[in-house]
Amino acid sequence: MNRTTSRLTAGLIAAAAITAAGAAPASAGALDRPSVTHRQPARGHLVSAAHLGTMSAGEVRAWLATEDFDDASVRYGVDTYRLVYRTIDTRGRETTASGLLVLPRNRDRRLATVSYTHGTTSYKADAPSMADDVWGPGAAVTYAAAGFAATAPDYLGLGQSPGAHPWKDVPSETIASLDMLRAARHFAPRTGRTLDGRVFVTGFSQGASTALGLARALQDGADPRFRLRAVAPISGAYDFRGAELPALLNGDLDAKMSVAYVSYLLTSWNRVHGGIYTSPSELFQDPYAGRVEKYFDSTTPGPVMLKGLPGTLGELLTPRGFEVLRDPSGTFAEALRVDAEVCTAWTPRVPIRLYKMAGDEQATTANTDHCAARLRERGVDVPVIDTGDRLYGGSRHLGSNLAGTARIVRWFSELR
């Protein structure tokens, strides 16, 4: 098993981590979701904060280089912190979430913030504030080393948040990301810093849709203390119904990762929304029906999950499973509609760029093309930027995160 699959980082599944020293599932129900603009007194309030580590600028460069992140924008060393904060779950109930905050070691007392939302992971310990490799936190550290405060929320159910992660659920990911910004704002004065309210938003893969969701919420005034400055997502699956699912079913994408994504989507959305299946055996063949929900309850390491799943959708799904994907209906169809609203239901009034890589084997580039087209229909000039050829662990999709981050940090620095 290569480093891509062993980390569960191929495609939309991108593990998130941060160096420590220098370097209960939601119940099924209808799509009755809390409003992103809903404020509860405790949302974003700190539960705890832990200093994870310190790196000098030279150490940051060496650390980033171990995973081929571009270090050209590194100007400062960084301090990394894990924040645990109050937020709400998919039913609007109080819960906690965690995330990574990275601050530059410079003399600036007032900092603009970059929110980086990570790609998919299925294991709590692989979330940005928990893991001990470079891949996931590399982007956040890159932005902080360029002089920004950088936040990377773990999302619900990952890191130190209880329960299972509601994967690809933009409303809850948006809320967790917004409340992470609030937690960072509360914490920054403890370090002698202030977040000045400017927020630059980016994210990769699963986190690309989250980035658009957060940008939409900030533009709509979800918290007047934050001002959206620009948004630049990378290689998202923005149109799961119209682009990603057809590509998966046609065999146009990596077969093994397609199995993982479909399994994650169906089990997660059944927990969150209900109505997709009553028993896993309706959609999944034996022996996978008996183990698939456990694989995606946030407690199973990625390599274990990947080894336990089959290599093709044909081995995974029943005829009913294929029918659900080919002809979505009911709560599944409604969830797909809500998921796509990051490109169809708002009109950005700030600079926006969409990044992709031709030949992406995990998130078909039709996702980005469809998103750009929908936004242009709303009168928005949306440059679509191909990051150019770049591989990571043999993956073009993962390589787009490296190449996109290198471009975006320069763009954000120009806009600052």
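Residues numbered from 1 in each chain as written. Predicted model: local features only at pLDDT ≥ 70, side-chain atom pairs only at ≥ 80, totals over all residues. Heavy atoms only, no water.

(A) A look at the pattern of salt bridges. Scanning the model with the defined rule gives 16 salt bridges in all. For D223, the salt bridge is made with R182, and the minimal N-O distance between the two is 2.8 Å. Taken as a pair, D223 in the loop between α5 (206-219) and β7 (227-234) and R182 in helix α4 (residues 170-187) lie far apart in primary sequence, 41 residues in all. Taken individually, D223 and R182 each receive the classification buried, so the pair is uniform in this respect. The salt bridge involving E334 is made with R337; its shortest N-O contact spans 2.6 Å. Here the residue E334 and the residue R337 both occupy positions in helix α12 (residues 330-344), the gap between them amounting to three residues, near one helical turn. The exposure class of E334 is partly exposed, given its relative accessible area of 29%. Through salt bridges with shared partners, a single network forms among R43, D179, R182, D223 and R225. (Salt bridge = Lys/Arg side-chain N within 4 Å of Asp/Glu carboxyl O. Helix = DSSP H or I, 4+ residues; strand = E, 2+ residues; numbered from the N terminus. Buried < 20%, exposed > 50% of the residue type's maximum accessible area, 1.4 Å probe, protein only.)

(B) Fine view of the nonpolar core. In this structure, V60, V78, V102, Y143 and F412 are the most contacted members of the largest nonpolar core, which totals 40 residues. In this structure, V78 is in contact with G53, T54, M55, V60, V102, L103, P104, R105, V141, A144 and A145, ignoring residues within four places of it in sequence. (Core = buried A, V, L, I, M, F, W, Y, C linked by side-chain atoms within 4.5 Å. Contact = heavy atoms within 4.5 Å.)

(C) A look at the state of the cysteines. With the rule as written, the count across this model stands at one disulfide. Between C343 and C371 runs a disulfide, and the two sulfur atoms are separated by 2.0 Å. The S-S bond linking C343 to C371 shows a torsion near -90°; that makes this disulfide left-handed. Of this pair, C343 sits in helix α12 while C371 sits in helix α13 (residues 366-377), and the two are 28 residues apart along the sequence. Here C343 matches C371 in class, with each residue buried. (Disulfide = S-S within 2.5 Å.)

(D) Spotlight on helix α3 (residues 135-145). Most of α3 sits out of view: 11 of its 11 residues are buried. Among the residues trailing α3, G147 stands out with phi positive, at a value near 110°.

(E) A look at the pairing of strand β6 (residues 194-204). Summarising burial for β6: nine of the 11 residues are buried, a large majority. Two strands pair when backbone bridges link them, and strand β4 (residues 110-117) and β6 are joined in this way by seven bridges, in the parallel orientation. Looking at the pairing, Y116 lines up with T202 of β6. Summarising the sheet, β6 and β7 pair through seven bridges and their orientation is parallel. By the bridge assignment, F200 is partnered in β7 with A230. Between the parallel pair β6 and β7, the chain is carried across by α5, and the sense of this crossover is right-handed. (Pairing = 2+ DSSP bridges. Right-handed = clockwise from strand over helix to strand, strands pointing away.)

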